[in-house]
Amino acid sequence: MKKDMDKFFITPILKRSMQKGLFAIFFLILLILCNGCAHNQEISGYSAPWKFAVVADTQGGNRKQEIKSSINETVLKEIVHDITAERPDFVLIAGDLVSGWIQSGSKDFKAQYAAWKTAMKPVYNAGIRVFPVRGNHDVGPERVVLPPLPAHLEPLPGADALLEQAYREAIAEFYIPDNGPDGEKGLTFSFMHKNVFVVGLDVCGNPQHKVNLKWLDNEFAMLDKTRKKLSDNSKAGSAEISSVRQDDKRLHVFVYAHEPAFQVRHRDCLAVYKEDRDAFWDLMGKAKTRVYFCGHDHLYNRAVVADSAGNEIRQIVVGTGGGRLVQWSGVYEEAKRVKGEHSVSGYHGYVLVTIEGNKATLIWKAMIPQEDGGIRWQKLDSFSYILQ
């Protein structure tokens with residue numbers, strides 16, 4: 001149990017605090033302020049490199065097969081094997097875990113998520129924690145911008161509730177925070193791990209294509225208070241953090257959801273409501289977020305987009321976890337604002353993030369098929385930033 005507590009700041013006490021509208025940063029403040037705290041050694045050890053992984057769209061790429069499995073077993077097996085070998089602290093899954101309500105051969109929802117959980121078992125067994133958020137395949141049909149579905153593709157009445165139930169039961173782990181807004185608890189959440197603050201967003205539920213901006217603003221406000229507390233204690237020569245290097249007192253912020261904020265190929269994304277999307281981008285910029293991870297489009301892309309204050313944020317699309325790969329030009333609809341930096345179509349893979357103090361390095365590891373039928377992992381993109 002102590003090992004679990006040392007790894008993540010999520011305990012029964014914290015969980016009760018979450019239910020009162022607080023979240024993991026509150027507990028971090030307590031850790032910093034308490035003399036003789038058991039976690040002081042870990043707080044002073046943030047400069048040691050550590051990793052986390054990000055992937056999306058592990059759903060089945062087998063729409064032409066008579067027997068559909070709901071996941072791409074071949075690809076997911078290789079990704080799981082490589083992630084386990086990399087030994088990251090946790091994995092972020094940016095939606096579309098399974099085929100869900102469509103192209104699944106009417107396979108039972110619980111059976112689909114059971115297959116996904118079985119495929120991910122080596123990751124779980126290695127003690128690597130998994131934090132999924134939902135994608136459109138995990139929720140139900142898009143009802144805002146896409147044409148109505150043909151009658152034969154419409155889910156049966158009540159299917160959306162059954163799908164959510166199956167999803168919740170599959171991902172339920174004691175460490176999944178329940179600090180999201182009303183109606184999204186366990187689906188939208190935030191957590192702190194070492195010197196990284198992570199926000200996972202459910203943007204495919206009700207309402208579709210929108211972020212709960214009020215909740216997110218409150219989370220970032222709490223984050224600002226934590227940063228100020230760290231800064232004030234540092235200036236005062238606080239004994240509790242005197243051994244922490246200056247660059248380790250800065251907190252990285254990563255946000256992830258299923259849909260791109262800026263349209264790639266699919267029209268059903270956060271760009272449906274541009275005013276809300278821009279407010280979301282500004283909130284992230286103000287909170288010093290450097291990277292927004294997403295999926296939905298089955299390709300890899302890295303682009304930079306400034307908020308209204310000029311803060312640069314990368315949108316990284318990593319929908320390469322198993323879904324049928326697609327080609328794309330790499331040119332954004334909002335090309336005057338969105339600067340594409342790197343785009344790859346045609347390979348499955350995932351992103352590995354290494355944190356070393358105030359530096360973050362992100363690499364996209366791609367599965368390269370070999371003539372003998374095997375695969376070779378190759379780094380096809382790399383990006384780094386340093387917090388100032």
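What counts as what
Residues numbered from 1 in each chain as written. Predicted model: local features only at pLDDT ≥ 70, side-chain atom pairs only at ≥ 80, totals over all residues. Heavy atoms only, no water. Helix = DSSP H or I, 4+ residues; strand = E, 2+ residues; numbered from the N terminus. Buried < 20%, exposed > 50% of the residue type's maximum accessible area, 1.4 Å probe, protein only. Contact = heavy atoms within 4.5 Å. 1 Å grid on protein atoms, 1.4 Å probe; cavity = no way out; pocket = protein on both sides within 12 Å on 5 of 7 lines; lining within 4 Å. Points joined across faces, edges and corners; volume = space filled by probe spheres on them. Nonpolar A, V, L, I, M, F, W, Y, C, P; charged D, E, K, R; others polar. Pairing = 2+ DSSP bridges. Axes fitted to C-alpha atoms, helices over the stretch in contact; angles between N-to-C directions. Phe/Tyr/Trp six-rings, centres within 6.5 Å; stacked < 30°, edge-to-face > 60°. Lys NZ or Arg CZ within 6 Å of the ring centre and 35° of its normal. Salt bridge = Lys/Arg side-chain N within 4 Å of Asp/Glu carboxyl O. Parallel < 35°, antiparallel > 145°, perpendicular 65-115°, else oblique. Left-handed = near helix turned anticlockwise from the far one by under 90°.

Draft legend 1. The arrangement of the overall build of the protein chain in detail. The number of helices and strands found in the protein chain is 10 helices and 13 strands. For the protein chain, buried positions account for 56% of its 388 residues. By sequence separation, contacts in the protein chain at least 24 residues apart represent 71% of the contacts at least 6 residues apart.

Draft legend 2. Structural context of empty space enclosed by the protein. In this structure the tally under the stated criterion is 3 cavities of 30 Å³ or more. In this structure, the second largest cavity occupies an estimated 50 Å³ of space. His209, Lys210, Val211, Leu213, Leu270, Tyr273, Asp276, Arg277 and Phe280 are the residues that line the second largest cavity. Considering each element in turn, the lining of the second largest cavity owes the most residues, 3 residues, to helix H10 (residues 274-286). Counted by class, the lining of the second largest cavity contains 5 nonpolar, 1 polar and 3 charged residues.

Draft legend 3. Region of interest: the sheet that holds strand S11 (residues 349-356). Read across the open sheet, the 6 strands follow the order S3-S2-S1-S11-S12-S13; overall the sheet is mixed. Each of the sheet's edge strands pairs with one partner strand only, and the pair in question is strand S3 (129-133) and strand S13 (375-386). Ignoring strand direction, the axes of neighbouring strands in this sheet form an average angle of 20°. Where strand S12 (residues 359-369) meets S13, 11 bridges bridge the pair, whose relative direction is antiparallel. By the bridge assignment for S13, Leu362 is matched with Phe383. Strands strand S1 (50-55), strand S2 (90-94), S11, S12 and S13 of the sheet are contacted by helix H5 (residues 73-86), whose axis makes an angle of about 15° with S11.

Draft legend 4. Representation of the packing of aromatic side chains in the model. Enumeration over the complete set of coordinates arrives at 20 aromatic pairs. Ring geometry for Phe90 against Phe191: centres 5.4 Å apart, planes inclined by 85°, an arrangement best described as edge-to-face. With Phe90 in strand S2 and Phe191 in strand S4 (residues 189-193), the pair connects residues that are 101 residues apart, well separated along the chain. The exposure class assigned to Phe191 is buried, which follows from its relative accessible area of 0%. Where Trp328 meets Tyr332, the ring centres are 5.0 Å apart and the plane angle is 90°; that geometry is what we call edge-to-face. Side by side, Trp328 and Tyr332 carry an identical accessibility label, which is buried. Taken together through their ring pairs, the aromatic side chains of Trp50, Phe52, Phe90, Phe131, Phe174, Tyr175, Phe189, Phe191, Phe254 and Phe293 make up a single cluster. When the ring centre of Tyr124 is taken as reference, the NZ or CZ atom of Lys117 above it lies at 4.9 Å. Cation over ring: Lys210 sits above Tyr273, and NZ or CZ is 4.6 Å from the ring centre.

Draft legend 5. Examining the sheet that holds strand S8 (residues 300-306) more closely. Taken in spatial order, the 7 strands of this open sheet run S4-S5-S6-S7-S9-S8-S10, and their pairing is mixed. Looking at which strands have only one partner, the edges of the open sheet turn out to be S4 and strand S10 (339-344). Taking the axes of each pair of neighbouring strands and ignoring which way they run, one obtains an average angle of 20° across the sheet. Pairing between S8 and strand S9 (residues 312-318): 7 bridges, direction antiparallel. Among the inter-strand pairings, Val305 is bridged to a residue of S9, identified as Ile313. Taken strand by strand, H10 contacts strand S6 (252-256), strand S7 (291-294), S8 and S9, and its axis lies near 115° from that of S9.

Draft legend 6. Spatial organisation of the pattern of salt bridges. Evaluated as defined, the whole model comprises 19 salt bridges. Of the charged contacts, one joins Lys51 and Glu86 as a salt bridge, the two residues approaching to 2.9 Å between their closest N and O atoms. Of the two residues, Lys51 is situated in strand S1 and Glu86 in helix H5; the sequence distance between them amounts to 35 residues. A relative accessible area of 22% places Lys51 in the partly exposed class. With a closest N to O distance of 3.1 Å, Asp89 and Lys194 form a salt bridge. Here the residue Asp89 occupies a position in the loop between H5 and S2, and Lys194 occupies one in the loop between S4 and strand S5 (196-200), the gap between them amounting to 105 residues. Accessibility expressed as a relative area gives 11% for Asp89, which makes it buried. Lys194 gets classed as buried once you look at its relative accessible area, which sits at 18%. Overlapping salt bridges bring together Arg302, Glu312, Arg314, Glu341 and Asp381 as one network.

Draft legend 7. Spatial organisation of the environment of Lys339. Its place among the elements puts Lys339 in strand S10. When the C-alpha positions of Lys339 and Ala306 are compared, they lie 9.4 Å apart, and in sequence the two are 33 residues distant.

Draft legend 8. Expanded view of the packing of helix H6 (residues 109-119) against helix H8 (residues 159-171). In contact at an axis separation of 9 Å, H6 and H8 are set at 25° when each is read in the N-to-C sense. With respect to H8, the axis of H6 lies roughly parallel. Pair H6 / H8 crosses with right-handed handedness. Judged by residue contacts, Phe109, Lys110, Tyr113 and Lys117 of H6 engage Ala159, Leu162, Leu163, Gln165, Ala166, Tyr167, Glu169 and Ala170 from H8. Of the residues belonging to the contact of H6 with H8, the class tally is 8 nonpolar, 1 polar and 3 charged.

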